[in-house]
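Below, each chain spelled out in residue letters.
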There are 2 protein chains.
Amino acid sequence: MSSAFSAKAVFRKRKKIQFSIHYQIDGKCFSAVAKPSLPKGTRDFLPVEVNRRKYIFDIVERVFRKYGFLPIETPAMESLETLLGKYGDEGDKLLFKVLNNGDYLKDADEKAYENKDSFGLVKSISKRGLRYDLTVPFARFVVMNQNEIQLPFKRYQIQPVWRADKPQKGRYQEFFQCDVDVVGSESLLYEAELVCIYHEIFKTLGIHVHILINNRKILFGLAEAAGLADKFMEMTVAIDKLDKIGRDGVMREMAQRDITAEQAETVLHLLEVKSIDELAGHPAFQTSETGMKGVAEVRAVFDFLAESDIHDLIFDVSLARGLSYYTGCIFEVKVDTQYHPSISMGSIGGGGRYDNLTGAFGLPGVSGVGVSLGAERIYDVLSELSLFPATIDESVPVIFLCFDAEGLTQAFRYAMAIRTAGIACEVYPEAKPMKKQMKYANDRAIPYVAILGANELQQGTISLKDMITGNQTTVKIEDLITALS
Amino acid sequence: MSSAFSAKAVFRKRKKIQFSIHYQIDGKCFSAVAKPSLPKGTRDFLPVEVNRRKYIFDIVERVFRKYGFLPIETPAMESLETLLGKYGDEGDKLLFKVLNNGDYLKDADEKAYENKDSFGLVKSISKRGLRYDLTVPFARFVVMNQNEIQLPFKRYQIQPVWRADKPQKGRYQEFFQCDVDVVGSESLLYEAELVCIYHEIFKTLGIHVHILINNRKILFGLAEAAGLADKFMEMTVAIDKLDKIGRDGVMREMAQRDITAEQAETVLHLLEVKSIDELAGHPAFQTSETGMKGVAEVRAVFDFLAESDIHDLIFDVSLARGLSYYTGCIFEVKVDTQYHPSISMGSIGGGGRYDNLTGAFGLPGVSGVGVSLGAERIYDVLSELSLFPATIDESVPVIFLCFDAEGLTQAFRYAMAIRTAGIACEVYPEAKPMKKQMKYANDRAIPYVAILGANELQQGTISLKDMITGNQTTVKIEDLITALS
């Protein structure tokens, strides 16, 4: 302990720490680890990043609440039973599994070990996995808490998820999802509300977007019109790639899935319609009852918004979205690249209606609709477009600097008075050389410094320096509080 | 897919779901899982709980920011290398380890497996662990980001941590920690600021507390006075239990650690001093230079606060705190049971100064001081004392109810106008029986319902019902917006 007392708080700046040292506390020896690191695909967030992320989440949350959505939270660890089989074979592999605690080998599946069957062994040594998305936990939540919630249940959830994807630029193993859903009603009013929510969030953030809408029943109608009802998912998966692989690519993709060229042509021809009315008037499409129901649903959403100022909702018959659980309207949000030509980002949001989310947990037939926001991508778009307000990066409006212990005591008292008035401030904690104190204020981007020298202390005043203009004035603490209020 | 289309949104309330069913989507068979569950020691949070937790965190965060502390966030998963060996052998066992992805058995330590050495095998099949506290990740953060931050670095961090403790009432395997620290300065101004922060947070929450202060150097002084300098940690550990096991218990505890009865008596006698002045005047204690330095440090903290309205800071010479890394002032917050006799909670916060937090990561000698808040316990205290403001549980101030599609369309438009004015509201999504709609409004604790019947639609008015008094009035949308603003 005594060695710790004599340690000096010397902080050496180094580019990289590459040596290893040994030291003692309380008589115990520690071997210092050189170069601490983070697991690949994970990140630290510096204050400026946390504040910017918070800015996005605060806006998102405020809008969700304005529409009566309520927050829920679920634990990071779910039973593997809850998670496995919900995201396909690939998803099962990308789930992070948590090793059982204690003597986990006691129950290990010896056969699986002998066969070096890593995946087979998992079940016997791991009971828990990390949350992979917010949808499956939400479904489990609804079933488990069905006696605690009222239907329709409008919830939002903003929490991190974990996926063992190969890390690359912009893709992390831990990232936030932002979901808003309502379950227990088939009303299309909610589709309209979700469009309003998207509209208001992106308008507030300053990003011009297109909110694309289509309907799975319309896609089913396309399939029926082309005699492909039995190959609906294969067709949908191919259409989903239209953006990336083009018309010819989709033709090839469909051919591989035993869709005839004639059928593919019919679908691709229908995908060229420019409006919901044009589609509804097409003789081939009209033969599909389900398809026409989809048209009616999309029209109902537009009708709700008819007298609004929302003009960024666009019908896009080629919008497919891969997830198989959608059954009604589907949505996708894209940055309007005419307004923002520098952005080459794909979708920054999406979602749709599903009819059986909670079925896997024993509660079939609960209809719901929800959308999510790609928070990480939105962050990148706002950075690229310099749309974060400058005020986010400001920490406190003023810091006190002083020359001696007496000044420090007075600075602390002034600071208490300012904080009592509800205003943030800081006190530089030691009478270090003024240059050093000024550098700190500057590095922290604090706009005003309040200096307490011998004169100021004697006269009960403060020398206030504007760090941007360099102007210096003499004020009383009351004036400073008034000015900052 | 077509089977999903025909599914009805029937939601059956059941106490428990105990059967297992099979159903089809898109031709795929799913076997429904009966009774979904959560891993032991984890919890879902319902909206009212999230909102109440948010209420606490918002106040805490606002106060932290007022003192110039900045938020950081670290990933849930850290390298096991970072975590192992930092929390003692018991901590190493309670760390949640994440299984390596892919074919993890490829690199498994065969010898450890053959010996059924669960702990020995970990290193070869797991590289990552879940965050166990916020202190070690913060130390790693400071070292890794030393070129990005300014010293002194004032940070706060509010994130969940995971521990494989045996779950019991009030103890969970996933829970939030709330830490505020400053590193890179030895100034006692920060000790005083942390006391102000504690004071302001608990005052705002409405909890009367005692903020106890002591100093590790004072405890070292006690040890020196009793000729126990070489048994400082043993003495501290025993003193730490005084509250629980009493004077006699501490005597016994010390005897077990080879401390003589005479030495123990000297310590226990000094522990009876009632004030810092009494201690400083004690001849035996005065012989310890380190002890007197501790006295000076505690006095400096009181001096900073001399002219403040903070009277809940109390010097407690018997405050020890178990963690070995503290080297200066230490703090603990306890509920004032004279004000709140129903509360029998231990500490709801604590912390202190340390001189070598980042040493384990290759950066020795960085002094820091920090405290944390027991958010889960504070939640329980506020619940017990009914101190959560009622407004937290309100979702929206008004909901629209209607009798037909025309009413629904109008309700949607009115709702848009209200939301444009920045006010939250809801629309019941279907023209269900009025009783059912009213029940929803009631269950959601919405104070006003706005009813749109045929008369109202014809006259462009709204029937507004106060759900508490039952009073009903007829208003125009403009009046409603004004009233809600």
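Residues numbered from 1 in each chain as written. Chains lettered and ligands numbered in written order. Predicted model: local features only at pLDDT ≥ 70, side-chain atom pairs only at ≥ 80, totals over all residues. Heavy atoms only, no water.

**Here we look at the sheet that holds strand 14 (residues 398–402) of chain A**
Residue and element names in this part refer to chain A.
Logical step 1: Spatially, the five strands line up as an open sheet ordered 15-14-16-17-18, and their pairing is mixed. The open sheet has two edge strands, strand 15 (426–427) and strand 18 (472–475), and neither has a second partner.
Logical step 2: With two bridges joining them, strand 14 and strand 15 adopt parallel strand pairing. Among the inter-strand pairings, Ile399 is bridged to a residue of strand 15, identified as Glu426. (Pairing = 2+ DSSP bridges. Helix = DSSP H or I, 4+ residues; strand = E, 2+ residues; numbered from the N terminus.)

**Quick notes on the relation of the copies chain A and chain B**
Logical step 1: Aligned on chain B, chain A shows an RMSD of 0.1 Å; the corresponding rotation is 180° and the shift along the axis is 0.0 Å. As the rotation angle and translation indicate, the two copies are arranged about a two-fold axis. Every residue of chain A has its C-alpha some distance from the rotation axis, and the shortest such distance is that of A:Val98, at 2.2 Å.
Logical step 2: A share of 100% of the interface residues of chain A reappears at the interface of chain B, consistent with the copies meeting face to face through the same patch. (Least-squares fit on C-alpha atoms with pLDDT ≥ 70 in both. Contact = heavy atoms within 4.5 Å.)

**Considering a positive patch on the surface**
Logical step 1: A surface patch of like charges, here positive, comprises A:Lys40, A:Lys166, B:Lys106 and B:Lys127.
Logical step 2: Structurally, A:Lys40 can be placed in the loop between strand 2 (28–31) and helix 2 (47–66).
Logical step 3: By relative accessible area, A:Lys40 is classed as exposed at 53%. (Patch = residues over 30% accessible without salt bridge, like charges linked within 9 Å, V, L, I, M, F, W, Y side chains within 5 Å. Areas by Shrake-Rupley, 256 points an atom, 1.4 Å probe, with all protein chains shown as cover. Salt bridge = Lys/Arg side-chain N within 4 Å of Asp/Glu carboxyl O. Lys, Arg positive; Asp, Glu negative; His and termini not counted. Charge placed at Lys NZ, Arg CZ, Asp CG, Glu CD. Buried < 20%, exposed > 50% of the residue type's maximum accessible area, 1.4 Å probe, protein only.)

**As for the sheet that holds strand 9 (residues 209–215) of chain B**
Logical step 1: Taken in spatial order, the eight strands line up as 3-7-8-13-12-11-9-10 (chain B) in an open sheet, and their pairing is mixed. Since the sheet does not close on itself, it has two edges, and those belong to strand 3 (70–71) and strand 10 (313–315) of chain B, each with one partner.

**Section: the pairing of strand 9 of chain B**
Residue and element names in this part refer to chain B.
Logical step 1: A large share of strand 9 lies buried, amounting to six of its seven residues.
Logical step 2: Pairing analysis gives seven bridges linking strand 9 to strand 11 (residues 326–335), with the strands arranged antiparallel. Paired with Leu212 across the strands is Glu332, a residue of strand 11.
Logical step 3: In terms of strand pairing, strand 9 meets strand 10 through three bridges, oriented parallel. Bridge pairing in strand 10 links Ile211 to Leu313.

**Digging into the packing of aromatic side chains**
Residues and elements named next belong to chain B.
Logical step 1: Under the counting rule described, the total for this entry stands at 29 aromatic pairs over all chains.
Logical step 2: Look at Phe57 and Phe176: their rings are 5.4 Å apart centre to centre, the planes differ by 40°, and that puts the pair in the tilted class. Residue Phe57 is found in helix 2 (residues 47–66), and its partner Phe176 is found in strand 8 (residues 174–183); the two are separated by 119 residues along the sequence. Just as Phe57 is buried, Phe176 falls in that class too. (Phe/Tyr/Trp six-rings, centres within 6.5 Å; stacked < 30°, edge-to-face > 60°.)

**Things to note about the environment of B:Lys476**
All names here are of chain B.
Logical step 1: Considering the arrangement of structural elements, one finds Lys476 in the loop between strand 18 (472–475) and helix 20 (477–484).
Logical step 2: For Lys476, a relative accessible area of 39% puts it in the partly exposed group.
Logical step 3: Spatially, the C-alpha atom of Lys476 lies 58 Å from that of Val369, the residues being 107 residues apart in sequence.
Logical step 4: Apart from the residues within four sequence positions on either side, Lys476 is in contact with Gln459, Gly460, Thr461 and Ile462.

**Topic: unusual backbone geometry**
Logical step 1: The omega torsion across A:Leu151 and A:Pro152 is -5°, close enough to zero to call that bond cis.
Logical step 2: Looking at where A:Pro152 falls in the secondary structure, it is placed in the loop between helix 7 (135–144) and strand 7 (153–162).
Logical step 3: Of note, the phi angle at A:Lys116 is positive, near 50°, even though the residue is not glycine.
Logical step 4: Along the polypeptide, A:Lys116 turns up in the loop between helix 5 (110–114) and helix 6 (118–125).
Logical step 5: Of note, B:Ser386 is a non-glycine position whose phi angle comes to about 50°, a positive value.
Logical step 6: B:Ser386 gets classed as exposed once you look at its relative accessible area, which sits at 62%.

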